[in-house]
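Listed below, chain by chain, are the residues.
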Amino acid sequence: MAHVGVPRGTARKRRSVALLATGVLTIPVLAGCTSDSEGPTAVAVPQDIAPASRDRVTEGSTLTWAIDAVPATLNTFQADADSATTRITGALLPSLFPLDARGEPELNPDYLESAKVIEQEPRQVVLYKLNQQAVWSDGREIGAPDFVAQWRALSGKDSAFWTARNAGYERIEKIERGKDDLQVRVTFSKPYADWRSLFSPLYPKEVTGSPGTFNDGARAALKNTAGPFRLRSVNKDKGTVVLDRNPRWWGDEAKLESLVFRAVEPEDRTDALTEGTVDVADIDSATANSIALAARYRGGNGQPPAHGPGADVTPAAALRSWALAHGSDEEAAETAQAAREKNREAVAVYAAEQKALKGFAVRKSLEPAYTQLAMNGESGPLSDDRVRRAIARTLDRQELADTVLKPLGLPAKPPGSHLALAGQPAYKDGSGALGDRDTKEAQALLADAGWTVGGAVRKTEDTKAGSEAEKKAAEKKAAEKKAEEKGADKADKDDKASREEGTYIVGDEKPGDRPARDAEVTAQDKQPGGAPGAYAPAGTAAPAPAAVKDRLGKGGKPLTLRFVLPSGPGSQPLRTVGEKIVEMLDAVGIGTQITKVDDDSYFKDHIASGDYDMALYSWPATAYPATDGRPIFAKPEPATDGSLLVEQNYTRVGSDHIDQLFDRAVSELDANASRDLLKQADARIWAAAGSIPLYQRPQLVAVDKKLANIGAFGFAAPRYQDIGFTGREAAGSPANRKK
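Residues numbered from 1 in each chain as written. Predicted model: local features only at pLDDT ≥ 70, side-chain atom pairs only at ≥ 80, totals over all residues. Heavy atoms only, no water.

### Here's the deal with the overall build of the protein chain
If you tally the helices and strands in the protein chain, you get 22 helices and 23 strands. Counting all 739 residues of the protein chain, 50% fall into the buried class. Within the protein chain, contacts between residues at least 6 apart in sequence are counted, and of these 72% link residues at least 24 apart. Accessible area of the protein chain: about 33700 Å², with a carbon and sulfur share of 48%. (Helix = DSSP H or I, 4+ residues; strand = E, 2+ residues; numbered from the N terminus. Buried < 20%, exposed > 50% of the residue type's maximum accessible area, 1.4 Å probe, protein only. Contact = heavy atoms within 4.5 Å. Areas by Shrake-Rupley, 256 points an atom, 1.4 Å probe, with all protein chains shown as cover.)

### Regarding helix 10 (residues 397–405)
Those residues of helix 10 not exposed but buried are Arg397, Leu400, Ala401, Val404 and Leu405. Along the axis of helix 10, the buried positions cluster into a sector of 110°, meaning they face one direction only. Elements that come into contact with the buried residues of helix 10 comprise strand 12 (360–375), helix 16 (572–586), helix 21 (671–688) and strand 21 (691–704). N-cap assignment for helix 10: the residue whose side-chain oxygen lies 3.2 Å from the backbone N of glutamine 398 is aspartate 396. (Arc of directions from axis to C-beta. Polar contact = N/O pair within 3.5 Å; in protein donor to acceptor, adjacent residues only side chain to side chain.)

### Brief notes about the packing of helix 9 (residues 385–394) against helix 11 (residues 439–448)
The N-to-C vectors of helix 9 and helix 11 enclose an angle of 165°; their axes lie 8 Å apart at closest approach. Classified by the angle their axes make, helix 9 and helix 11 are roughly antiparallel. In the packing of helix 9 onto helix 11, the handedness of the crossing is left-handed. For the pair helix 9 and helix 11, contact is made by Arg386, Val387, Arg389, Ala390, Arg393 and Thr394 and by Thr439, Glu441, Ala442, Leu445, Leu446 and Asp448, respectively. (Axes fitted to C-alpha atoms, helices over the stretch in contact; angles between N-to-C directions. Parallel < 35°, antiparallel > 145°, perpendicular 65-115°, else oblique. Left-handed = near helix turned anticlockwise from the far one by under 90°.)

### Considering the environment of glycine 455
On the secondary structure map, glycine 455 appears in the loop between strand 13 (452–453) and helix 12 (464–478). Between the C-alpha atom of glycine 455 and that of lysine 554, which follows or precedes it by 99 residues, the distance is 4.6 Å. Not counting residues up to four positions away in its chain, the partners in contact with glycine 455 are Gly553, Lys554, Gly555, Gly556 and Lys557.

### A short note on the environment of valine 70
For valine 70, the location among the structural elements is in the loop between strand 3 (62–67) and helix 1 (83–89). When the C-alpha positions of valine 70 and alanine 263 are compared, they lie 5.9 Å apart, and in sequence the two are 193 residues distant. Setting aside its immediate chain neighbours within four residues, valine 70 contacts Val234, Asn235, Lys236, Gly239, Thr240, Val241 and Ala263.

### Concerning the sheet that holds strand 15 (residues 557–558)
Reading across from one edge, 13-14-15 is the order of the 3 strands in this open sheet, with antiparallel pairing throughout. Edge strands, defined here as strands with exactly one partner in the open sheet, are strand 13 and strand 15. For strand 13 and strand 14 (residues 552–554), the ladder comprises 2 bridges, and the chain directions are antiparallel. Its bridge partner being in strand 14, valine 453 is matched across the sheet by leucine 552. (Pairing = 2+ DSSP bridges.)

### Thoughts on the packing of aromatic side chains
Summed over the entire model, instances satisfying the criterion amount to 18 aromatic pairs. For the ring pair phenylalanine 97 and tryptophan 195, a centre distance of 5.8 Å and an interplane angle of 85° mean the geometry is edge-to-face. Note that phenylalanine 97 is positioned in the loop between helix 1 and strand 4 (112–119) and tryptophan 195 in the loop between strand 7 (183–188) and helix 3 (205–208), a separation of 98 residues in sequence. Under the relative-accessibility criterion, tryptophan 195 is labelled buried at 4%. (Phe/Tyr/Trp six-rings, centres within 6.5 Å; stacked < 30°, edge-to-face > 60°.)

### Things to note about the sheet that holds strand 7
Strand pairs in the sheet, formed through backbone hydrogen bonds, run parallel or antiparallel to each other. Here we have 4 strands laid out as an open sheet, ordered 4-5-7-6, and antiparallel in their pairing. Only two strands of the sheet have a single partner each, and these edge strands are strand 4 and strand 6 (172–177). The average angle at which neighbouring strand axes cross in this sheet is 15°, direction not considered. With 5 bridges joining them, strand 6 and strand 7 adopt antiparallel strand pairing. Of the residues in strand 7, the one forming a bridge with lysine 174 is threonine 187. The strands touched by helix 2 (residues 144–154) within the sheet are strand 5 (125–130), strand 6 and strand 7, with strand 6 carrying the most contacts at an inclination of about 160°.

### Structural notes on the pairing of strand 3
Buried residues dominate strand 3, accounting for 6 of its 6 residues. On strand 3, burial covers both faces: Thr62, Thr64 and Ala66 on one face and Leu63, Trp65 and Ile67 on the other are all buried. Pairing of strand 3 with strand 10 (residues 258–263), which is carried by 6 bridges, proceeds in the parallel orientation. Looking across to strand 10, one finds that isoleucine 67 is bridged to alanine 263.

### Overview of the pattern of salt bridges
Scanning the model with the defined rule gives 31 salt bridges in all. Close ionic contact of arginine 230 with aspartate 244 constitutes a salt bridge, the shortest N to O distance being 3.0 Å. Remark: aspartate 244 occurs in strand 9 (residues 240–245) and arginine 230 occurs in strand 8 (residues 229–235); sequence separation between them is 14 residues. The class for aspartate 244 is buried, based on a relative accessible area of 15%. The residue arginine 630 makes a salt bridge to aspartate 663 at a minimum N-O spacing of 3.1 Å. (Salt bridge = Lys/Arg side-chain N within 4 Å of Asp/Glu carboxyl O.)

### Some remarks on a negative patch on the surface
Residues Glu265, Glu267, Asp268, Asp271, Glu275 and Glu353 make up a contiguous surface patch of negative charge. Tracing the sequence through the fold places glutamate 275 in helix 5 (residues 269–275). Look at glutamate 275 and you get partly exposed, because its relative accessible area is 45%. (Patch = residues over 30% accessible without salt bridge, like charges linked within 9 Å, V, L, I, M, F, W, Y side chains within 5 Å. Lys, Arg positive; Asp, Glu negative; His and termini not counted. Charge placed at Lys NZ, Arg CZ, Asp CG, Glu CD.)

### Let's talk about helix 6 (residues 285–295)
Spacing of three or four residues puts side chains on the same side of an α-helix, whose turn is 3.6 residues. Taken as a whole, helix 6 has its buried residues at Ser285, Thr287, Ala288, Ile291, Ala292 and Ala294. Two or three places before alanine 286, at the opening of helix 6, aspartate 284 has a side-chain oxygen 3.3 Å from that residue's backbone nitrogen.

### Points about unusual backbone geometry
Of the consecutive residues glutamate 121 and proline 122, the connecting peptide bond is found in the cis state with omega at -5°. Within the secondary structure layout, proline 122 lies in the loop between strand 4 and strand 5. Cis geometry marks the peptide bond from serine 200 to proline 201, where omega comes out at -5°. Take proline 201: it is sitting in the loop between strand 7 and helix 3. Even without being a glycine, arginine 652 presents a positive backbone phi close to 60°. Turning to its location among the elements, arginine 652 is positioned in the loop between strand 20 (644–645) and helix 20 (656–666). Judged by its relative accessible area of 10%, arginine 652 falls in the buried class.

### Points about the side chain of threonine 726
As for its placement among the helices and strands, threonine 726 is situated in the loop between strand 23 (724–725) and helix 22 (734–738). Excluding residues within four positions of it along the chain, threonine 726 makes contact with Arg56, Val57, Thr58, Lys706 and Ala708.

### Considerations on the confidence of the model for the protein chain
Mean pLDDT over the protein chain: 83, with 76% of residues reaching 70 or higher. Every residue in residues 490–546 is under pLDDT 50, and counting partners more than four places away or in other chains gives 88 contacts. (pLDDT = per-residue confidence, 0-100.)

See below:
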């Protein structure tokens, strides 16, 4: 699916931002197993891919898989690589340590016989032993020269290579050939815990060997590949990328004869499924609901349809319509016949759509990504950690997770970590460092920060007018007779003074309705029937409206935060979650101004640039949090021009201690010790309250019911060679037959 505000790139390069979709389908909720030492253990929601043994999958046929767009590049290490780049290259290039169902890297025997750390002192040395059968599609064996070329391209030492990241490669000191080209010795200048993240995907030296070929040679073509498929064509005009079987592939032969990736916009996917132009597509909840309805559709044989056009026509209404259409009143009959014909056409079209959608199943799981509430701590009220913590403790994260996941029947446990998800070995619920939801404690934190009930109310001038009023009152008491003689004149003066000096203006009456404004005298306040107390004597405070009295403020200014959300039709679920957050904050007196912006500008012009107070966006999970988490939570550093260098820390909240824990974790070769350091870092991130994980995103995939080993993969990487059709009709997919 399209990712609103996504910085183009893979999860390893630039953990991409994404939105979510809700739905209405149900599956059984899974219970977690338990551990003797730590009680209930969080488990990953399993894949939903209709698994089948290879002997049940038919040889041949073509599968068409929807992607958002033809990728701008097939080089995953470039800045404009995207999720389509990753999906396509996954079938073409070596991945030495693909992720398993728990989100852990596992050795890929198609490419490696072994890979392990053989020395730690004085330098870390990793020895790779390559599969002797592994060759590129031109027949050359995969070997040390490919490792060397990729290291030099990604080390960051040569700026002529246009790379988006060099994490880990900059720690390599040298790469040597072992006993032969099938043994590769990699020596590190500094210990690197995430060494398994390197050389995946592995490009041939023909791509990485020079800046020219690296920068341009793999953007629209890959002449040399080493996966179960090879690249046949890229056609941006038709919006297709076509792969076919790699005849030099040494592993299990691909069951599919060809694999087509077709560009289909998310809003067009229901039509694409109905028309049979795709077999597999990531979908939103609306499309998932359409498929669920299709499964229950009945029609024909004189039976009324279960839903859709004609479903609400009662027998009596149908009889009346028939009578009118065949009656003696020619004008009424003509009108009724036209209406009946129009309804028959609509029913026929809808029935055809339902019949097509009946051929699809919705595979679902939890995507390895979580959606968070981000709070910009660079300036304003949110630069105070007490305010951020108060907001976090006001949120009912369980209610927000339920809103998104319960309609799908998916587990709705809010994530307890910024650095791992349930089921991963590095996962531990660290939210206790912040504390559970507690609105009273939240209000105490806000009061400690100076934000109090009534603090938003202020006079437009100082108290001088009040002092003068008291003096005048004393003089009036001493000279009552004289005051009575001048009473009429004084009443006029006091009326004018009350309107000009005694008016109180505070923020919005409703959260999110209008921008916050400074205190001012409105036109309405100056007219009869304006604010209560408008005609009181000078120096008398006009009572604030009830909504204003409950609003928190400081120094006469209300606590109002700008909540930026995307406005596109596909981001409605995010806006629903945002509105619930607004209600929760309103209950404790925090005002919000919702600003809706175009999806295309949401991330670049607002999140990345810091033009927001609060926002919702997602981070993918990773098997390498010590590497990938560091830039997301790194303490911003001031630049020479006065701005902040934030890397990917778009909340602008960080600390030296968090940075130090990441640095220690990435250099710790003992896996358990490294994970302990990451758990400590996560607790600090929770306490800083710059970002609050709300829920793990749902993953919905429409799949032809005859397809096996494909669907909602969860953490795991697809095994492209095992994907295919089952059953007698497997020789051609619907998408293939209609093309």
